Amino acid sequence: MAGTVALKRGGRWSPWLFAIPALGVYVAFLVYPALSSLWFSLTNWDGLSASYKFVGLSNYFKLPHDPVVVTAVKNNLIWTVVTIAVPTAIGLLLAIALNGKVRGKPILRLVFYTPAVLPLVSIASIWGWLYNPQYGAINSALRAIGLDGLAQAWLGQDSTALWAVMVPAIWLRTGFPMLLYLAALQGIPNELYEAATVDGATKWQQFWHITMPSLRPAHYIVLALSLIDSFKVFDLIYAMTYGGPGTSTQVMGTWMYFNVFQYYQAGYGTAIAVVITLVAIAVGIPYVRSQTREAS
Amino acid sequence: MTLTVQAPVDLPLETTRSDSPGPKGRRGLVMTLVLAVIALFWISPLALLVITAVRPLSDFIGNGPLSWPADFTWKNFSDAWGIGNFATTYRNSAILAIIKVPLGVLVSAMLGFALAKLRMKFRRTVMFTVFLGLTIPIYITIVPVFIMMRSAGMTDSIFGLIGPYLAFGIPFEVLVLQSFFRQIPDEIIEAAKVDGAGDWRVFFTMILPLSVPALVTVAILDAVATWNEFLFALILLNSDAHKTIPVGLLNFQGQFANNNTGLAAGILIAVVPILIAYTLLQRWIVGGLTAGSLKG
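Since the structure is predicted, the reported quantities are computational estimates derived from the model, not experimental observations.

**Let's talk about the overall build of chain A**
Check the secondary structure of chain A and you find 15 helices and 0 strands. Relative to a compact globule of 296 residues, whose C-alpha radius of gyration would be 19 Å, chain A shows 24 Å and is clearly more extended. Considered along the principal axes of its C-alpha atoms, chain A spans approximately 80 × 75 × 30 Å. Within chain A, buried positions represent 55% of all 296 residues. Sequence-distant contacts in chain A: of pairs separated by 6 or more residues, those separated by 24 or more amount to 64%. As displayed, chain A has an accessible area near 12,700 Å², and 69% of this comes from carbon and sulfur atoms.

Here it is in structure tokens:
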């Protein structure tokens, strides 16, 4: 009975009155710009002049011949693997440790999660400052313990720059998996462990046969969100190394930016953005679908 | 992949799981010590920043970055405040957050309500399209957004940032809010409708008041994201009078490259509001994050 009342009142278009403000903004400032980028990527527009020409897929054909794109793709891949694997592993270990009999949990949690709320630009500033060749804390610490030979211009040389930028990324990205795993660990019923102990299972066996399988949903969310996040990398690299030295820390996001705003190749830059977006969407679709399915 | 937002309560301090039959507390103590050492290491970049910001430059250069200050001063802060133009960037970031966050939460809640509680046609399609926004990198939209804003005369104005910020906040906010609304029993809504309440009254007098925990969580995470956003602000704002904190900090970093203590003070000035807000509100943030998703 009540259900029919709910149906009658409000009318068929009532839901749309609620939906339209958000959908309007979303379409105007996200969907429409993203789609028009598809168009720009097929032109030779420089980003400034009033006229430009349709050039088909030639921007895309140029991509594999651009040595910086090759470097950027490689860097994106290294970035993705390292900034997912390392923070997830550290986050899991911290969560397991914090789930035991430990004092001061709220403070420890606060400490490990704090980097995640700082602006990426400030994280870049902090680490740029720590990496300073003369007065940075990192080289000073190395000198203090007698490892003078290891002190170097971390951000200033090709061989170390990318790895040096990944350290702050790891620092800021460990907190989230830690929190998520901690919440998941607390949802595992005790009885499972008690029963396993009665059956004579070792701690190690309990970890592999109870803890890890129970964490599967958490693994999935951490992995999906980290993957989506990794492809978006821009701020940290832009603010720390500006893609340099040379092109050694360029990723697709920064290379797109430089093409559009420095080299006046908006068409080509947009093609780079389209490629990385398609990869990000492809990677993210299973997650998006799971969230949509969940809801119905 | 359940995505539910509970009222963000602190994770229980003590686990219910009792392991370690051995000497009680010994292992816990060792683990606490190990974690405390790691935590100290983890927080050391921020600790060094604070220590450096309160010492004179001569003391820093004379004794090295790792020494305990021989002398304390507040001068670094006043220098950094003035040269870094922080009065302006603070005001701009604050105005932006004050307009953007409530607006974003309201329109997202409206859409979330339509998706969760109203009989909306194409519901799954709308959900999928909106959630797909979580995977889309900001930089695919920057060229068209830049053109839109330029033709609307809204470049170099913080108001030009509101549309794009809203659009990129909506997917996450709708995702969290609709899943929270779904847990509100249909019966109470139907009862209200029998009493003659329309959809809008149900939304404003029942759904919103019942969802305060979720609304607060979403608002805080959105405020952090708004405060920290960098790429749109970088491309759309050019005069110093209109810059936000992250863009201002980037400029400041360049100017203070050789003044280590001033740079430390400036970075601290930029991050202190976020750190205070996070410390005070962390249980809401933790609740929101463990609820399943994170805005990239």
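**Some points on the packing of helix H2 (residues 14–40) of chain A against helix H4 (residues 86–117) of chain B**
For the pair H2 of chain A and H4 of chain B, the least separation of the axes is 7 Å and the interaxial angle reads 140°. Considered as vectors, H2 of chain A and H4 of chain B are oriented oblique to each other. Of the two possible hands of crossing, H2 of chain A and H4 of chain B adopt the one that is left-handed. Along the contact surface, H2 of chain A presents Pro 15, Leu 17, Phe 18, Ala 19, Pro 21, Ala 22 and Leu 23 of chain A, while H4 of chain B presents Val 107, Met 110, Leu 111, Phe 113 and Ala 114 of chain B.

**Observations regarding the UniProt feature "domain: ABC transmembrane type-1" (unreviewed entry) in chain B**
Sites flagged by UniProt as "domain: ABC transmembrane type-1" (unreviewed entry) map to residues 90–280 of chain B. Here residues 90–280 of chain B runs as 76% helix and 0% strand, with 20 Å between its end C-alpha atoms.

**Some details on the interface of chain A and chain B**
Taken together, the contact pairs 113 residues of chain A with 115 residues of chain B. Together chain A and chain B conceal approximately 10,600 Å² of surface at their shared face, both sides included; 74% is due to carbon and sulfur atoms. By the criterion of area lost to chain B, the three top residues of chain A are Phe 18, Lys 101 and Trp 129 of chain A, representing 9% of everything that side buries. Linking chain A with chain B are 0 salt bridges, by the criterion used here. Run the count over chain A and chain B and you get 12 residue pairs in polar contact (both at pLDDT 80 or more).

**A few points about the confidence of the model for chain A**
Averaged over chain A, the pLDDT score is 91; the fraction of residues at 70 or greater is 95%. Contacts of residues 1–8 of chain A to residues separated by more than four positions or lying in other chains number 8 contacts, the stretch itself having pLDDT below 50.

**Observations regarding the UniProt feature "transmembrane region" (unreviewed entry) in chain A**
All names here are of chain A. With numbering aligned to this structure, UniProt lists the feature "transmembrane region" (unreviewed entry) at residues 16–35, 77–98, 110–130, 161–183, 220–243 and 263–288. Segment residues 16–35 splits into 100% helix and 0% strand. End C-alpha atoms: 23 Å apart. Structurally, residues 77–98 is divided into 100% helix and 0% strand, and its ends, taken at the C-alpha atoms, are 31 Å apart.

**Focus: the packing of aromatic side chains**
Per the stated rule, a full pass over the model turns up 40 aromatic pairs over all chains. A cation sits over an aromatic face here: Lys 62 of chain A above Tyr 268 of chain A, 4.4 Å from the ring centre.

**Some details on the UniProt feature "transmembrane region" (unreviewed entry) in chain B**
Residue and element names in this part refer to chain B. Per the UniProt annotation, the sites labelled "transmembrane region" (unreviewed entry) are residues 29–54, 94–116, 128–149, 161–181, 202–221 and 262–281. The distance from the first to the last C-alpha atom of residues 94–116 is 32 Å, and the span holds 100% helix and 0% strand. Within the segment residues 202–221, helix and strand shares are 95% and 0% respectively, and the terminal C-alpha atoms sit 26 Å apart.

**A short note on the pattern of salt bridges**
All names here are of chain B. Within the structure shown, the criterion is met by 7 salt bridges over all chains. The partner of Lys 75 in a salt bridge is Asp 79, with the nearest N and O atoms 3.0 Å apart. In this pair, Lys 75 and Asp 79 are both assigned in helix H3 (residues 75–83), 4 residues apart and thus about one turn of the helix distant. Judged by relative accessible area, Lys 75 falls into the exposed class, the value being 53%. Of the charged contacts in the structure, one is a salt bridge between Asp 222 and Lys 100, with a shortest N-O distance of 2.7 Å. With a gap of 122 residues between them, Asp 222 in helix H10 (residues 212–228) and Lys 100 in helix H4 connect regions that are remote in the sequence. Here Asp 222 matches Lys 100 in class, with each residue buried. Where salt bridges share partners, they join Lys 100, Glu 173 and Asp 222 into one cluster.

**Here we look at the domain arrangement of chain B**
Residues and elements named next belong to chain B. Structurally, chain B comprises domain 1 (24–75) and domain 2 (85–290). Its C-alpha centre places domain 1 at a distance of 34 Å from the equivalent point of domain 2. Counting residues at the interface gives 8 residues for domain 1, matched by 7 residues for domain 2. Approximately 690 Å² of surface area, both sides summed, lies buried where domain 1 meets domain 2, with 85% of it carried by carbon and sulfur atoms.

**Some words on the nonpolar core**
All names here are of chain B. Core analysis: the largest hydrophobic core is formed by 195 residues, its most contacted members being Leu 111, Val 130 and Phe 181. Here the element with the most residues in this core is H4; it accounts for 14 residues. If you count residues domain by domain, this core takes at least three from each of domain 1 (24–75) and domain 2 (85–290).

**Details of helix H4 (residues 67–98) of chain A**
Its 32 residues place the ends of H4 of chain A 46 Å apart at the C-alpha level, agreeing with the 46 Å of an ideal helix rising 1.5 Å per residue. Backbone nitrogen of Val 68 of chain A and a side-chain oxygen of the N-cap are separated by 2.8 Å at the start of H4 of chain A; the cap is Asp 66 of chain A.

**Describing the side chain of Thr 160 of chain A**
All names here are of chain A. Looking at the element boundaries, Thr 160 is found in helix H8 (residues 158–173). The exposure class assigned to Thr 160 is buried, which follows from its relative accessible area of 13%. Not counting the four nearest positions on each side in its chain, Thr 160 is found in contact with Gln 152, Ala 153 and Trp 154.

Calculation notes
Residues numbered from 1 in each chain as written. Chains lettered and ligands numbered in written order. Predicted model: local features only at pLDDT ≥ 70, side-chain atom pairs only at ≥ 80, totals over all residues. Heavy atoms only, no water. Helix = DSSP H or I, 4+ residues; strand = E, 2+ residues; numbered from the N terminus. Rg over C-alpha atoms; globule rule 2.2 N^0.38 Å. Buried < 20%, exposed > 50% of the residue type's maximum accessible area, 1.4 Å probe, protein only. Contact = heavy atoms within 4.5 Å. Areas by Shrake-Rupley, 256 points an atom, 1.4 Å probe, with all protein chains shown as cover. Axes fitted to C-alpha atoms, helices over the stretch in contact; angles between N-to-C directions. Parallel < 35°, antiparallel > 145°, perpendicular 65-115°, else oblique. Left-handed = near helix turned anticlockwise from the far one by under 90°. UniProt positions renumbered as here; feature names shortened; annotations may be inferred. Buried area = accessible area lost by both parts, 1.4 Å probe. Salt bridge = Lys/Arg side-chain N within 4 Å of Asp/Glu carboxyl O. Polar contact = N/O pair within 3.5 Å; in protein donor to acceptor, adjacent residues only side chain to side chain. pLDDT = per-residue confidence, 0-100. Phe/Tyr/Trp six-rings, centres within 6.5 Å; stacked < 30°, edge-to-face > 60°. Lys NZ or Arg CZ within 6 Å of the ring centre and 35° of its normal. Domains from an automatic or database assignment. Core = buried A, V, L, I, M, F, W, Y, C linked by side-chain atoms within 4.5 Å. Expected span 1.5 Å × (residues − 1).

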